[in-house]
Structure formats: C-alpha cells, structure tokens
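# Architecture and fold: a report
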Amino acid sequence: MKNTRYVRYGLSFAFLTALALALLVWNVSAGSVAFTAGEIMGALLHDHSGIIWGIRLPRVLAAAILGGALSVSGFLLQTFFANPIAGPFVLGISSGAKLTVSLMMVLFLSRGIVLGSAALIVGAFAGSMLSMGFILLLSRRVKQMSMLVVSGVMIGYICSAITDFVVTFADDSNIVNLHNWSLGSFSGTSWENVQLMAWVVGVSLGLTFLLSKPIGAYQMGEVYAQNMGVNIKRFRVELILLSSILSACVTAFAGPISFVGIAAPHLIKSLFRTAKPIIIIPGCFLGGAAFCLLCDLIARTAFAPRDMSISSVTAVFGAPVVLYLMASRRSAAKGGRE
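Below: a short report on this structure. Being a predicted model, the structure only gives us computed values, none of them experimental.

### So, unusual backbone geometry
Non-glycine residue Phe 259 carries a positive phi angle of around 70 degrees. One can find Phe 259 in the loop between helix H11 (232-254) and helix H12 (260-272). In this structure, Arg 273 is a non-glycine residue whose phi angle is positive, near 60 degrees. You can see Arg 273 is positioned in the loop between H12 and helix H13 (277-301). What makes Arg 273 exposed here is its relative accessible area of 64%.

Laid out in structure tokens, this is it:
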C-alpha cells in the first residue's frame, strides 16, 4: 500500500513537471510570430536581443513563478482557515494589495517618480497585511466560515471601490498604467523583475517547506498541534506572513489574478490523493505554474495580437472548481445532519 502511494506521488510529480515544461516551451514558441524548436535553442544560446530572449522568456518565467507562488499562498490560507475556498482573491487580500499599489503609483507617478519593483512589493505586502488584519478581526466575531468568506469578499469590494475613487483623480497617463495593471497581465516583464520575484518567491517557498511538519500537525487540529509542540501563535503569524508575501509579490508584478489560489491546491490534492504538506507544497507550486502558463498561453494567442486579461482566463477555469467545492461542502454538511 505504501509502495503504491509512493508510485502515485512519483508519477504525479513527473506528470506536473512534464506538463509545466511542455507549456513553457509552447508559450515561448506560440504567438503572433511563431518559432521552431531550433530557433528557440539558437536564441537561448546565441541571440540575447530578440523576441524570444527579451520578451517571451521573461514573461513565461514570470507566469510560472508567480502562478506557483499564488497556488502555495492559497494552500497556506486554506490551511489557516481550514476551508478549501479560502484564497487571496476571495478573501480580499489581493484587493488590499491592489489598493496600496494603486495609491503608490498615482502618488509617485504624478510627481514623475518611477517606483522600483522592490517598492511595489513592499506596498503590496502592506495592503495584503491590512486586508488580512481586518479578516482576522472579523474572524473573532464571525464563527461561520461561510460568513467570513463573504466578509472577505466585501472587503475586496471596498478596496476596489476606493481604488476606483483614487483613479478618478489620476492623470490620463497614470489611468492607462493603472488600468492595464489592474486587469492582470504578465506582459512587460523584464529580466530584473524575474530575478527579484525568483528571490522573493524562492526564499518564501523554502521557509514554507520548512513548516511542513507544523502544517501537517495543524491540519489535525489545534489541540493536536499543541500536543506535538507547535507554538500556535507563532505558527499562525508565520502562515500569515508567508501567504501575504507570496500573494503580494504576485499582485505587485502582475496585478490581481483570480481563482488560481483556490483552484490549483484543490486540483493538486485530488491528483496526489493526499493533504501531506511535504507533498502538496511542491505539488502546488508546479500545478500553479502549469495552470498560469496554460491561461497565459490562451490570453496571448486566443485573439492575437491582442492580449486578454489573465484574470478573465483564470476565472473561466477556476470559478467552476470553486462552485464545485461549495456544492460538495454543502452536500457533505447536509448529509452529516441527516
């Protein structure tokens, strides 16, 4: 039985890795200008100034890194709230990050100051923590998880409304920048952006992986985790910080992206048929990367040369998963009462 599980884990990781690599190559080759495998290899080895190296490869790597980060962030939030429909977008955390980044862009761009990537990440993190703080305060008064999720949605609407209010006082050029960014997109990514996001996500992912044992104990309940020696207060702070950093990094570079943080962890758990963090954390990263690579491929090529919003595509694939989760939980709750 144990050998069967290990074989399933190995085959699942092999499938996710092959899928992510295939989608990565497909993303680089497909587009308004198509490239063959030989041309791609030539560009990687010799030509560092063309479309492949200068435009497509940074965008593809950004989609993979940020998609994986968003998926892991969703898994951490689902663990924290013990609910499969908890995620950065649904709980309003991405909207909080969007609000602070929008304020910073309007404030500084109106004065001719161009913000760096690090400043945007810090601003997005501050907005994420602000939204998370409101959700945690509400969680003390609201005991039903369904109502807490609704509260998170309302916080997201409030942040979006304030963002729209701020945009009305922005210059025309700033409005264009904010509009393009707020739709969600991996376009315009530079190698400097890829390097910074790789460092932030890599360190956060490594710290998350080190929490695999405490997360596994926490999944069994707070009492069990305490008996296993887990410091619950510190552990919760660590989960909140790591999930906020990951989601803030995504929002800062690509704007708000919907449903990936909910759909990808659920699909990965269904694929591996386990919830063990030591398996699910790397699985979520690979699954989130493949999910966003597929969605970005559709966003770029469906109506080429015009790009679609990445959130529009992720919603098409992610929203049905969320609806299924809500329906299955409702059926399980009803069956339990009977």
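Right, picking up where we left off after that structure.
### Brief notes about the nonpolar core
In terms of nonpolar packing, the biggest core is built from 82 residues, with Leu 66, Leu 76, Phe 81, Phe 186, Ile 215, Cys 249 and Ile 257 touching the most fellow members. Considering each element in turn, this core owes the most residues, 16 residues, to helix H3 (residues 51-81). Apart from residues no more than four positions distant in its own chain, Phe 186 is found in contact with Arg 59, Ala 62, Ala 63, Leu 66, Ala 254, Ile 257, Cys 292, Asp 296 and Ile 310. Among the nonpolar cores identified, the runner-up in size contains 6 residues, and Ile 85, Phe 259, Ile 262 and Val 322 belong to it.

### Regarding the packing of helix H8 (residues 191-210) against H13
Close contact between H8 and H13 brings their axes to 10 Å; oriented N to C, the two are set at 160 degrees. Taken together, the axes of H8 and H13 are roughly antiparallel relative to one another. Both H8 and H13 take part in a crossing whose hand is right-handed. Contact residues: H8 offers Val 201, Leu 205, Thr 208 and Phe 209, while H13 offers Ile 278, Ile 281, Pro 282 and Phe 285. Tallied by class, the residues present in the contact of H8 with H13 amount to 7 nonpolar, 1 polar and no charged.

### Topic: the packing of aromatic side chains
Two aromatic rings, taken as a pair, are described by how far apart their centres are and by the angle between their planes. For the structure shown, the criterion picks out 6 aromatic pairs. Through pairs of rings, three or more aromatic residues link up here, namely Tyr 6, Tyr 9, Phe 13 and Phe 272.

### Here's the deal with H8
Counted at 1.5 Å a residue, the expected span for H8 with its 20 residues is 28 Å, and the 28 Å between its end C-alpha atoms agrees. For H8, the full list of buried residues reads Asn 193, Val 194, Met 197, Val 200, Val 201, Ser 204 and Thr 208. In a view along the axis of H8, the buried residues occupy a sector of 140 degrees, so they form one face of it. Turned more than 90 degrees from where H8 packs its buried face, Glu 192, Trp 199 and Leu 210 sit exposed. In the core, the buried residues of H8 are packed alongside H3, helix H5 (117-141), helix H9 (212-219), H11 and H13.

### Details of the pattern of salt bridges
One pass over the full model with this rule turns up 3 salt bridges. A salt bridge links Arg 59 to Asp 296; its shortest N-O distance comes to 2.8 Å. Here Asp 296 lies in helix H13 and Arg 59 lies in helix H3, a separation of 237 residues in the sequence. Relative accessible area serves as the criterion here: at 9%, Arg 59 is assigned to the buried category.

What counts as what
Within every chain, residues take consecutive numbers counted from 1 along the sequence as written. Given that the model is predicted, a residue must reach a pLDDT of at least 70 before its local features are reported, and side-chain atom pairs must reach 80 or more before they are shown or counted; all residues, however, enter totals for whole chains, interfaces and linings. Side-chain numbers come from the whole structure's heavy atoms, not from hydrogens or water. Here a strand is any run of E in DSSP of at least two residues, a helix any run of H or I of at least four, and the numbering for each starts at the N terminus. Note on exposure labels: buried denotes an accessible area under 20% of the residue type's maximum, exposed denotes more than 50%, and partly exposed covers the range between, all computed with a 1.4 Å probe on protein chains only. Residue types Ala, Val, Leu, Ile, Met, Phe, Trp, Tyr and Cys, when buried and joined through side-chain atoms within 4.5 Å, form a set referred to as a nonpolar core. The criterion used for residue contact is that any of the two residues' heavy atoms lie within 4.5 Å. Axis definition: a line fitted to C-alpha atoms, limited for helices to the stretch in contact. Angles are taken between N-to-C directions and run from 0 to 180 degrees. For classification purposes, angles smaller than 35 degrees are called roughly parallel, those larger than 145 roughly antiparallel, those between 65 and 115 roughly perpendicular, and all remaining angles oblique. In this scheme the crossing of two helices becomes right-handed for a clockwise turn of the near helix relative to the far one and left-handed for an anticlockwise turn of less than a right angle. Just so you know the grouping, Ala, Val, Leu, Ile, Met, Phe, Trp, Tyr, Cys and Pro go in nonpolar, Asp, Glu, Lys and Arg go in charged, and all remaining residues, Gly too, go in polar. Here a Phe, Tyr or Trp ring, Trp counted by its six-membered ring, pairs with any other such ring whose centre lies within 6.5 Å, and the pair is stacked when the planes are under 30 degrees apart, edge-to-face when over 60, and tilted otherwise. Expected helix span is computed as 1.5 Å times (number of residues minus one). This arc describes the spread of directions from the helix axis toward the C-beta atoms. Each reported salt bridge corresponds to a side-chain nitrogen of Lys or Arg within 4 Å of a carboxyl oxygen of Asp or Glu.

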